[in-house]
Amino acid sequence: MRLRHRGGDLVHLAYCTNVHPAEDLHGILAQLDTYAVAVRDHLGADRLGIGLWLAHRVAAGLAADPDATLRLRAELTRRGLEVVTLNGFPYEGFHQPVVKHAVYRPDWSEPARPEHTANLARVLALLLPDDVTTGSVSTLPFGWRTGWTGEHQDRARRHVDALGRELAELRHRTGRTIRIAFEPEPGCVVETTAQAVRHLQGMDPGHFGLCLDICHLAVAFEDPRQALARLARAGIEVVKAQVSCALHAETPADPEVRRALGAFDEPRFLHQTRRAGTPAPGVDDLPEALGGAEALNRDAPWRSHFHIPVHADPAPPLTSTRPVLRETLAALLTPDRPRTTHLEVETYTWSVLPEPPRDEKELAAGIAAELDWTRRELLALGLTEPTTEATSPTPTPTPTPHPIRSSS
């Protein structure tokens, strides 16, 4: 969806399709028919933005065949969908039974990562709508911290520099600017905005910047306004922000709270858990926290890297970090200018919730409810909907299943 900032900038709101498992073009189109079109209908929108996830094989195929990419663009347009951002973090297998650390490979020290990112940039340059000249690709923050050496960092930086030259050539050839957004994540080489400053400062700001995942920001117990001020002082732009919430446990010393957290202990994804503090101490997965890891005592609130639907709450006694999300959106979309114009709702964890959506209709309704909540938040911040968008009343999305309950 498109909204207009009071300063005149067009702000794009999308949902990320990494919630869907397809890794070939036929499957991607089928899932867009099943979910994205239904989401657009729920919202009463003429046009829906999607943050497209393309696994490396389909990205490579499209990059090698521009005509196929243009056909994909036509198929998106026919469905009332548009793409200004790609999620380049997962390389493949994002919905395997066990993902965990595999999502961080290949990392930026390996040639496959810049190759994949370059392919995504080539594809996105052709997918952008006619009236949009800048696209974004989010990516992992170099790699997982364990085993990362100075040699890894040197190789990664050489790969980034080479990609920057290719992006400049792509802009010269197509007139489209594609920007790469490194996404700090708990446990990675870059986990916080302070670490982002150390690693990203000096990169070409025209092609590289930050993807601010607001769930990750909350897990690190970072103050949103201080984090954004830190980035601004360093000249690092927020190329893209992911609208997301983390799981919050206010009193982890309470056995009932830990039992509730246990319902979110599932085997597919890592759920890095941090305790309030500066810096926030923590462990790499929720089972370690629940097992009484010495690094994570119970005398202060915990937050876990589990993307909670942004419009809803987990069952008590747990909550989400929606207050952090609201504060971050307000800081990003200040009255004078937006700090970013690419917003992507990225709740990829619907299928591993304690009680996930029961069918395709419930999942589409849940995604629509997230987008509707975000749209209302942006309108409350002073953004407006362009008159070209549908003006019919927004239908009320179907309520999501227990233990997530809708919240205003």
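Just so you know, the residues in each chain are numbered from 1, in the order the chain's sequence is written. Two thresholds apply to this predicted model, a pLDDT of at least 70 for residue-level local features and 80 or more for giving and counting side-chain atom pairs, whereas whole-chain, interface and lining totals are computed over all residues. The side-chain figures draw on all heavy atoms in the structure; neither hydrogens nor water molecules are used.

Trainee: Explain the pairing of strand β12 (residues 302-308) residue by residue, including any values.
Mentor: Exposure classes here rest on a 1.4 Å probe applied to the protein chains alone. A residue is buried below 20% of its type maximum, exposed above 50%, and partly exposed in between. Secondary structure is summarised from DSSP: a helix means a run of H or I of at least four residues, a strand means a run of E of at least two, and numbering begins at the N terminus for each. Among the 7 residues that make up β12, 7 are buried, leaving the element largely enclosed by the rest of the structure. Alternating residues of β12 divide into W302, S304, F306 and I308 and R303, H305 and H307, and every residue in both groups is buried. Note that strand β10 (residues 273-275) and β12 share 3 bridges and pair antiparallel. When the sheet's bridge partners are listed, R275 is paired in β12 with W302. Criterion used throughout: strands pair if DSSP finds at least two bridges between them.

Trainee: Could you give an account of the environment of A162, with specific residues and numbers?
Mentor: By the secondary structure assignment, A162 is in helix α5 (residues 150-174). Note: C-alpha distance between A162 and P114 (48 residues apart in sequence) is 8.6 Å.

Trainee: I'd like a description of the environment of L270, backed by residues and values.
Mentor: Following the sequence through the fold, L270 ends up in the loop between α9 (255-262) and β10. Classification of L270 by relative accessible area gives buried; the value is 4%. Note: C-alpha distance between L270 and D284 (14 residues apart in sequence) is 7.2 Å. Residue contacts are counted whenever heavy atoms from the two residues lie within 4.5 Å of one another. If we ignore the near neighbours within four places in the chain, the residues touching L270 are K100, H101, Y104, W144, D284, D285 and H305.

Trainee: Let's hear about the sheet that holds strand β9 (residues 245-249): which residues, and what values?
Mentor: Read from one edge to the other, the open sheet built from 5 strands follows the order β11-β10-β12-β9-β14, with strand pairing classed as antiparallel. Each edge of the sheet is formed by a strand with only one pairing partner; in this case those strands are β11 (282-283) and β14 (319-320). With 4 bridges joining them, β9 and β12 adopt antiparallel strand pairing. Bridging from a neighbouring strand, A249 pairs with W302 of β12.

Trainee: An account of the pattern of salt bridges is requested, with residue identities and associated values reported.
Mentor: Whenever Lys or Arg places a side-chain nitrogen within 4 Å of a carboxyl oxygen from Asp or Glu, that contact is recorded as a salt bridge. Here the structure, examined in full by the defined rule, presents 28 salt bridges. Close ionic contact of K100 with D285 constitutes a salt bridge, the shortest N to O distance being 2.6 Å. Of the two residues, K100 sits in the loop between β4 (81-87) and α4 (112-127) while D285 sits in the loop between β11 and α10 (286-290), which places them 185 residues apart along the sequence. Note that E191 is salt-bridged to R274, the shortest N-O span being 2.9 Å. Linking E191 in the loop between β6 (177-182) and α6 (193-200) with R274 in strand β10, this pair joins segments that are 83 residues apart in sequence.

Trainee: Outline the nonpolar core, supporting the account with residue identities and numerical values.
Mentor: One finds Y15, L48, I50, F142 and L371 to be the most contacted residues of the largest nonpolar core, which totals 120 residues. Residue contacts for L48: discarding those within four places in its chain leaves M1, Y15, A36, V39, R40, L43, G80, L81, E82 and L371. Residues belong to a common nonpolar core when they are buried Ala, Val, Leu, Ile, Met, Phe, Trp, Tyr or Cys residues joined through side-chain atoms within 4.5 Å.

Trainee: Mind laying out the packing of aromatic side chains, listing which residues take part and the relevant values?
Mentor: Two rings from Phe, Tyr or Trp (for Trp, the six-membered ring) form a pair when their centres sit within 6.5 Å of each other. Planes less than 30 degrees apart are called stacked, planes more than 60 degrees apart edge-to-face, and all others tilted. Taken as a whole and assessed by the stated rule, the structure comprises 10 aromatic pairs. Centroid distance F142 to F182: 5.0 Å. Interplanar angle 15°. Geometry classified as stacked. On the criterion of sequence distance, the pair formed by F142 in the loop between β5 (134-139) and α5 and F182 in strand β6 is long-range, its members being 40 residues apart. Cluster of aromatic residues (ring-pair linked, three or more members): W53, F94, F269 and Y348.

Trainee: Go over the side chain of E344, please, and point to the residues and values.
Mentor: Structurally, E344 can be placed in strand β15 (residues 342-345). The definition of a polar contact used here is a pair of N or O atoms within 3.5 Å, where within protein one atom must be able to donate a hydrogen and the other to accept one, and adjacent residues in sequence count solely through side-chain atom pairs. Only 3.2 Å separates the side chain of E344 from the side chain of K240, close enough to count as a polar contact. Residues contacting E344, with those up to four places away along its chain left out, are A14, Y15, C16, G51, T85, N87, K240, A241, Q242 and V243.

Trainee: How would you sum up helix α1 (residues 25-43)? Please name residues and give values.
Mentor: Taking 1.5 Å of rise per residue, the 19 residues of α1 would be expected to cover 27 Å, and the 25 Å separating its terminal C-alpha atoms lies within 8% of that figure. Two axes enter the definition of the bend at a residue: one is fitted to the seven residues ending there, the other to the seven starting there, and the bend is the angle between them. The largest bend in α1 amounts to roughly 40° and is located at L32. Every buried residue of α1 is accounted for by G27, I28, L29, Q31, L32, Y35, A36, V37, V39, R40 and L43. At its buried positions, α1 is contacted by β2 (10-16), β3 (48-52), α2 (56-63), α3 (66-78), β4 and α12 (360-380). Sitting at the head of α1, D24 places a side-chain oxygen 3.2 Å from the backbone nitrogen of H26. Each residue after the first adds 1.5 Å to the expected span of a helix.

Trainee: Requested: an account of the pairing of β9, with residues and values cited.
Mentor: Taking burial as the measure, the 5 residues of β9 include 5 buried ones, the bulk of the element. Where β9 and β14 come together, 2 bridges link them in antiparallel fashion. Of the residues in β14, the one forming a bridge with H248 is T319.

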